[in-house]
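Coordinate analysis (summary)
Single-letter residue listing:
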Amino acid sequence: MENKTISTQAFSDQRPGTSGLRKKVSVFQQPHYLENFVQATFDALGGVKEKQLAVGGDGRFYNREALQTIVRMAAGNGLKKLVIGRGGILSTPAASCVIRKYGLDGGFILSASHNPGGPHGDFGIKFNTANGGPAPEKITEAIYQKSLALGRYLTIENPDIDLDAQKHFMVGAMMVEIIDPVNDYADLMMELFDFPAIAKLLQEKDFAFIFDAMHAVTGPYAEEIFCRRLGAAKESLLNCAVKPDFGGGHPDPNLKHAKDLVRIMFSAKAPTLGAASDGDGDRNMILGDNFFVTPSDSVAIIAANAHLIKGYRNGLKGVARSMPTSCALDAVAKELDIECYETPTGWKFFGNLLDAGKLTICGEESFGTSSDHVREKDGLWTVLFWLNLLAVKKISVKEIVETHWQHFGRNYYTRHDYEEVESGAANKLVNSLRERFETLCGAQFGLLEITQADDFSYLDPIDNSLSEHQGIRLIFKDKSRIILRLSGTGTSGATLRLYFEKVEKNPAAMNLETQAALAELISLADELFAIKKITGRSQPTVIT
Ligand code: G16
């Protein structure tokens, strides 16, 4: 087994986005592209000699090939030990769990999350640190800087390893351990939730549950947790075979892409709870019988009811949401008399607060919720939380949400995405708004008065790092908000995200259709941002 130093040329486009480096598969298949990023990461860590890392992915196309490359490079760089999920599989929350449980120095997760897979789809790689969470900006920036100057990478000559048997072996001087990708994570879930109560609920005649794994990574996790450990019927699970192209689907658990589940949940014989998860298992969608739970409400309801759930009986240290997420969580924090932190979009921004013991629950509008049990958002954790809550409350999902609104008020909320917009046009739109903050502040449009127009920036209270330009905010006198930002996870052109929120405290006005309730704000945004004129688009691509 010969150590090799391979000469390479730097690529200029390896700056990680909101969550790791995501590109078309064909970009990753270019000679040296993946190798350069992996070497830049090792170099940014100051080398990996004596370190122990994990690696696994969401099973998408190129997962196994990339993993073999990482094995050879890890050995070539002198890594002490590499822990691999059997079959190359580790969901994002399971990777976080494994890194924490075994005290590893970090790990690679091979995933482009909810982006489509297959040879013409997307691939991605992200690095998580020893706390199990996404590398913070100072590390991702260091990786990028290393990638710009890279002239060589280290590897060894070694045949592909067998990824499918659970065992220990050596690759050169590096120890490899292939672990069951599901067990550690499933054990952790059993510590947090009342499995006997959920198992009992699943057997009740008038209760039905359905989970859609969307042919992505949560299939084997769902089979182990819901069927083997909780006794759910096999028929409760949809699309559990992990497929490299996600069965041709788009593994994003929202009303547009989780089609099979949505059809069932919005039918005459809908089950009590329906849920779906994304490519790498960190996102979730929660549906009741003919009812959609908006993710911003889900995290608020989770926080408000956490004291009823085994792992959270001792109360919450604090909560956090990303800036575009609705302020429903803030109302809960106020009543619980705990801090609610507002961070930029990206799970990595919760990491410091979680590590400092300031937070228990956090969530984002982008279908992400989790707690301090790992350092990633966690799709199945959220589904188990809702199952456990239903077992305690014995009312429907809709009743849980409506009771919450009656108590805390309803934050009407929607996100409009304009995908694959020409990048120049998207930047023009954002920049022209930035130039108008002064005139917008104080402007009146009908009954709507803008009291704040700015660009969100975040000073991390733990390490004092400053993150600027994290989204444009128009905040109105009645606390309504319009937020505009560019996505950091797309792979073609730019994705414009517009977020609309209106707070309703009048119990008699809480049952409007969401788009109708927000219609005034939506048409104001059309007018103020000149979306059609600048981008040529008259409709959003996706509404959630
Ligand atoms: C990632 C991040 C999330 C973020 C989401 C959307 O999720 O982990 O924190 O909210 O992207 O980001 P953007 O609006 O920039 O596209 P995932 O599930 O794609 O890893």
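All values reported here derive from a predicted model rather than from experimental measurement. (Residues numbered from 1 in each chain as written. Predicted model: local features only at pLDDT ≥ 70, side-chain atom pairs only at ≥ 80, totals over all residues. Heavy atoms only, no water.)

1. Some thoughts on the overall build of the protein chain
Going by this rule: Helix and strand assignments follow DSSP, with helices taken as H or I runs no shorter than four residues and strands as E runs no shorter than two, numbered in order from the N terminus. Two things to know: the radius of gyration comes from C-alpha atoms, and the globule rule equals 2.2 Å times the number of residues to the power 0.38. Relative accessibility decides the category of a residue: with a 1.4 Å probe and only protein chains considered, values under 20% of the type maximum give buried, values over 50% give exposed, and everything between is partly exposed. Whether two residues are in contact is decided by their heavy atoms, any of which lying within 4.5 Å being enough.
Each helix and strand in the protein chain was counted, giving 19 helices and 27 strands. Against the 2.2 N^0.38 benchmark of 24 Å for 544 residues, the protein chain shows a C-alpha radius of gyration of 23 Å, consistent with a compact globule. The dimensions of the protein chain, computed from C-alpha atoms along their principal axes, are 75 × 60 × 40 Å. Within the protein chain, buried positions represent 60% of all 544 residues. Across the protein chain, contacts joining residues at least 24 apart in sequence account for 72% of those joining residues at least 6 apart.

2. Some words on the domain arrangement of the protein chain
Applied cut-off: For the domain bounds, the source is a domain assignment made automatically or taken from a database. Buried area: the accessible surface (1.4 Å probe) lost by two parts on joining, summed over both.
Entries for the protein chain in the domain assignment read domain 1 (3-181), domain 2 (185-408) and domain 3 (410-543). Computed over C-alpha atoms, the centres of domain 2 and domain 3 are 26 Å apart. Counting residues at the interface gives 28 residues for domain 2 and 25 residues for domain 3. Buried area between domain 2 and domain 3, both sides added, is near 2,300 Å², and the carbon and sulfur share of it is 56%.

3. Examining the side chain of K348
Applicable threshold: Positive charge is attributed to Lys and Arg, negative charge to Asp and Glu, and no charge count is given to His or to the chain ends. In what follows, salt bridge is the name for a side-chain nitrogen of Lys or Arg lying within 4 Å of a carboxyl oxygen of Asp or Glu. Contacts described as polar in this section are N or O atom pairs within 3.5 Å, which, within protein, must combine one atom able to donate a hydrogen with one able to accept it, while residues neighboring in sequence count only if both atoms come from side chains.
Here K348 lies in the loop between β16 (340-343) and α12 (351-355). Within the buried set, K348 has no salt-bridge partner at all; the shortest N-O distance to an opposite charge, 4.5 Å, is to E137. Of note is the side chain of K348, whose polar atom sits 3.4 Å from the backbone oxygen of G17. Dropping the residues within four chain positions of it, K348 is found in contact with G17, T18, P134, A135 and E137.

4. Structural notes on the environment of A320
Tracing the sequence through the fold places A320 in strand β15 (residues 319-322). When its relative accessible area of 0% is taken as the criterion, A320 is described as buried. The spatial distance from the C-alpha of A320 to the C-alpha of Y341 is 4.4 Å, given a sequence separation of 21 residues. With near-sequence residues (within four places) excluded, A320 lies in contact with L329, Y341, F350, L359, I361, C362 and G363.

5. Overview of the pattern of salt bridges
Under the definition given, this model contains 34 salt bridges. The partner of E157 in a salt bridge is K4, and the shortest N-O contact between them spans 2.8 Å. Taken together, the residues E157 in the loop between β7 (152-156) and β8 (168-171) and K4 in strand β1 (residues 3-7) connect sequence positions 153 residues apart. In this structure, D417 and R497 form a salt bridge, with 3.1 Å as the shortest nitrogen-oxygen distance. Linking D417 in strand β19 (residues 410-421) with R497 in strand β26 (residues 494-504), this pair joins segments that are 80 residues apart in sequence. A single burial state applies to D417 and to R497, both of which are buried. Put simply, R321, D330, E342, D454, R473, R481 and E501 are held in one network by salt bridges that share partners.

6. What to know about the sheet that holds strand β12 (residues 273-277)
For clarity, the threshold we go by: When DSSP finds at least two bridges between two strands, those strands are taken to pair. Every angle, taken between N-to-C directions, lies between 0 and 180 degrees, and every axis is a line fitted to C-alpha atoms, over only the stretch in contact when it is a helix.
As summarised here, the arrangement of the five strands in space is β11-β10-β12-β13-β14, forming an open sheet in which the pairing is mixed. In the strand order of this sheet, the two ends are held by β11 (237-238) and β14 (291-293), each with one partner. As paired elements, strand β10 (residues 209-212) and β12 share four bridges and run parallel to each other. Its bridge partner being in β12, I210 is matched across the sheet by G274. Where helix α13 (residues 379-393) meets the sheet, its contacts fall on β10, β12, β13 (284-288) and β14, and the angle it forms with β12 comes to roughly 170°.

7. Some thoughts on the site of the ligand
Put simply, the rule reads: Proximity is defined per residue: any heavy atom of the residue falling within 4 Å of a molecule or strand makes that residue near it. Each accessible area is a Shrake-Rupley result for a 1.4 Å probe, and residues are judged covered by the shown protein chains and nothing else.
Around the ligand, the structure places 19 residues, and the nearest of them are E364, R485, S487, T489 and R497. A distance of 3.5 Å is found between an oxygen atom of the ligand and a side-chain nitrogen or oxygen belonging to D282. Out of a free accessible area of 460 Å², the ligand has 99% covered by protein chains.

8. With respect to the sheet that holds strand β9 (residues 174-179)
What the seven strands build is an open sheet, ordered β2-β6-β5-β3-β4-β9-β8; its pairing is mixed. A strand with exactly one partner marks an edge of an open sheet, and here the two such strands are β2 (21-24) and β8. In this sheet, neighbouring strand axes are inclined to one another by 20° on average, regardless of whether the strands run parallel or antiparallel. Pairing analysis gives five bridges linking strand β3 (residues 52-57) to strand β5 (residues 106-110), with the strands arranged parallel.

9. Structural notes on helix α11 (residues 328-336)
Note the cut-off: This arc is built from the directions going out from the helix axis to the C-beta atoms.
Buried within α11 we find A328, L329, V332 and A333. Along the long axis of α11, the arc covered by the buried residues comes to 135°, so they all point the same way. Away from the buried face of α11 by more than 90 degrees, exposed residues K334 and E335 are located. Buried residues belonging to α11 abut α10 (295-305), β15, β16, α14 (397-408), β19 and β26. In the segment just after α11, D337 is the residue with positive phi, at about 60°.

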